[in-house]
Amino acid sequence: MATRSHTPDPRAVNQELLTVKQAAQLCGVSTRTLTRWGLSGVAPSPVKLGYGTRTAVRYRQAELLSWIEAGCPEMKTWTWDGRDSK
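Given the structure is predicted, the values throughout are model-derived calculations rather than measurements.

Q: A description of the packing of helix α2 (residues 20-27) against helix α4 (residues 61-69) should follow, citing residues and the corresponding values.
A: α4 packs onto α2 with a crossing angle of 20° between their chain directions and a minimal axis gap of 11 Å. Judged by the inter-axis angle, α2 sits roughly parallel to α4. The interaxial crossing formed by α2 with α4 has right-handed handedness. Contact residues: α2 offers Ala23, Leu26 and Cys27, while α4 offers Leu64, Leu65, Trp67 and Ile68. Of the residues belonging to the contact of α2 with α4, the class tally is seven nonpolar, no polar and no charged.

Q: Talk me through the sheet that holds strand β3 (residues 56-60); I want residue IDs and the actual numbers.
A: The antiparallel open sheet is built from three strands, whose spatial order is β1-β3-β2. Each end of this open sheet is capped by a strand with a single partner; those strands are β1 (17-18) and β2 (47-49). Two strands pair when backbone bridges link them, and β2 and β3 are joined in this way by three bridges, in the antiparallel orientation. In the strand pairing of β3, Leu49 is matched with Ala56.

Q: So what about α4? Which residues, and what values?
A: What α4 keeps buried is the set Ala62, Glu63, Leu64, Ser66 and Trp67. Those residues of α4 hidden inside the fold are in contact with β1, α2, α3 (31-40) and β3. Looking one or two places after α4, you find Gly71, whose phi comes out positive at around 95°.

Definitions and limits used
- Residues numbered from 1 in each chain as written.
- Predicted model: local features only at pLDDT ≥ 70, side-chain atom pairs only at ≥ 80, totals over all residues.
- Heavy atoms only, no water.
- Axes fitted to C-alpha atoms, helices over the stretch in contact; angles between N-to-C directions.
- Helix = DSSP H or I, 4+ residues; strand = E, 2+ residues; numbered from the N terminus.
- Parallel < 35°, antiparallel > 145°, perpendicular 65-115°, else oblique.
- Left-handed = near helix turned anticlockwise from the far one by under 90°.
- Contact = heavy atoms within 4.5 Å.
- Nonpolar A, V, L, I, M, F, W, Y, C, P; charged D, E, K, R; others polar.
- Pairing = 2+ DSSP bridges.
- Buried < 20%, exposed > 50% of the residue type's maximum accessible area, 1.4 Å probe, protein only.

Right, here's the structure in full:
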């Protein structure tokens, strides 16, 4: 018997993933600063969707909110448990 994989509603996914600009606004910094923080391990890393020149970079809103709520610790000392910060 074949199993079907569940495809999430794209509208629901878009509500949880932020563009670099949206994520930077949420954190109160420039896009350049957020990108630098992600690369250096200061902030959560983005999710990359696609490959090559068509890669979309997005940040998980719940992860950023949880990180901010925790006081913006360095990533080597903080891990996200995958739950909303509510």
